[in-house]
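One-letter residues, chain by chain:
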Amino acid sequence: MTWNARIRRMADDDWEDVVGLETRAYAALGLSEGRAALESKARVSPATCFALELVPGPGADPGADPGAGARLAGYLLALPYPERSYPGLARREEAAAPSRNLHLHDLVIAEDVRGRGLGKRLLGRLTAAARAQGYEQISLIAVGGSHTFWSASGFTAREGVEARGYGPGSVYMTMALPSGQVEGDRTAVGGLPIGAPSREEVG
């Protein structure tokens, strides 16, 4: 079966699925922060927070309900934050900080569809939105060994920034925003077989 990956703004009815993805990704690391904190980060910067939804494509079973296979398979939360600082886990954000630095707080892809480039699609959408809104840089904290994924995506570790509260081995990283074409928000991904969970596309 072929699936279409559709990236869109977060909606109110996404949060139950978002919390489920976040809990499965971070609870074992002691980094799960809860719904109220997650929602607050999206609320202060809705134009830089996205949901990734998989919907059956042209190759889907023609006898199936067209909406039956749709699912939230990932999300991304980003908000403006001063360079070399970062949101506290479980802390509610009250207002967006005035900054040309956009902090990518969280990106999670469901375990069974990792390794298919969906994390890079979400990052591409964020990068395009950030450029359009005048941001000059994206920062993040890589957790759980995900720094290799972020390094391959163009981020560089910054010396002298201790990511307190984000667990052992966490790394503060930044990437200057590149110029170039803005990507669309749909892509076809074939098959998407279930595989072993990976630390990639989380963090």
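For the structure, see preceding data.
Below or above, wherever it landed, is the structure these notes cover. (Residues numbered from 1 in each chain as written. Predicted model: local features only at pLDDT ≥ 70, side-chain atom pairs only at ≥ 80, totals over all residues. Heavy atoms only, no water.)

Here's the deal with the pairing of strand β5 (residues 137–142)
Note on strand geometry: in a regular strand, side chains alternate between the two faces of the sheet. With respect to burial, β5 is a largely interior element, six of its six residues being buried. Neither face of β5 is open: one carries Q137, S139 and I141, the other I138, L140 and A142, and all of them are buried. Here strand β4 (residues 101–109) pairs with β5 via four bridges, running parallel. Looking at the pairing, L104 lines up with L140 of β5. Direction of pairing for β5 relative to strand β7 (residues 171–176): antiparallel, over a ladder of six bridges. (Buried < 20%, exposed > 50% of the residue type's maximum accessible area, 1.4 Å probe, protein only. Helix = DSSP H or I, 4+ residues; strand = E, 2+ residues; numbered from the N terminus. Pairing = 2+ DSSP bridges.)

Digging into helix α3 (residues 118–132)
Taking 1.5 Å of rise per residue, the 15 residues of α3 would be expected to cover 21 Å, and the 21 Å separating its terminal C-alpha atoms lies within 8% of that figure. Counting buried residues along α3, eleven of its 15 residues qualify, which places the element largely inside the surrounding structure. All of the buried residues along α3 are L118, G119, R121, L122, L123, G124, L126, T127, A128, A129 and A130. Immediately downstream of α3, the backbone of G134 shows phi near 85°, a positive value. (Expected span 1.5 Å × (residues − 1).)

Concerning a negative patch on the surface
Taken together, the side chains of D12, D13, E16 and D17 present a region of like negative charge at the surface. On the secondary structure map, D13 appears in the loop between β1 (2–9) and α1 (15–26). Residue D13 is classed as exposed on the basis of its relative accessible area, which comes to 65%. (Patch = residues over 30% accessible without salt bridge, like charges linked within 9 Å, V, L, I, M, F, W, Y side chains within 5 Å. Areas by Shrake-Rupley, 256 points an atom, 1.4 Å probe, with all protein chains shown as cover. Salt bridge = Lys/Arg side-chain N within 4 Å of Asp/Glu carboxyl O. Lys, Arg positive; Asp, Glu negative; His and termini not counted. Charge placed at Lys NZ, Arg CZ, Asp CG, Glu CD.)

Examining the pattern of salt bridges
Inspection of the entire model under this criterion finds eleven salt bridges. Between E53 and R8 there is a salt bridge; the shortest N-O distance is 3.6 Å. Of this pair, E53 sits in strand β2 (residues 50–56) while R8 sits in strand β1; the two residues are 45 residues apart in sequence, bridging distant segments of the chain. A relative accessible area of 13% places E53 in the buried class. Note that R35 and E39 form a salt bridge whose closest N and O atoms lie 2.6 Å from each other. Of this pair, R35 and E39 both sit in helix α2 (residues 35–44), four residues apart, roughly one helical turn. Looking at R35, the relative accessible area reads 40%, which means it is partly exposed. Since its relative accessible area comes to 24%, E39 is described here as partly exposed. When salt bridges that share partners are traced, they join R6, R8, D14 and E53 into one network.

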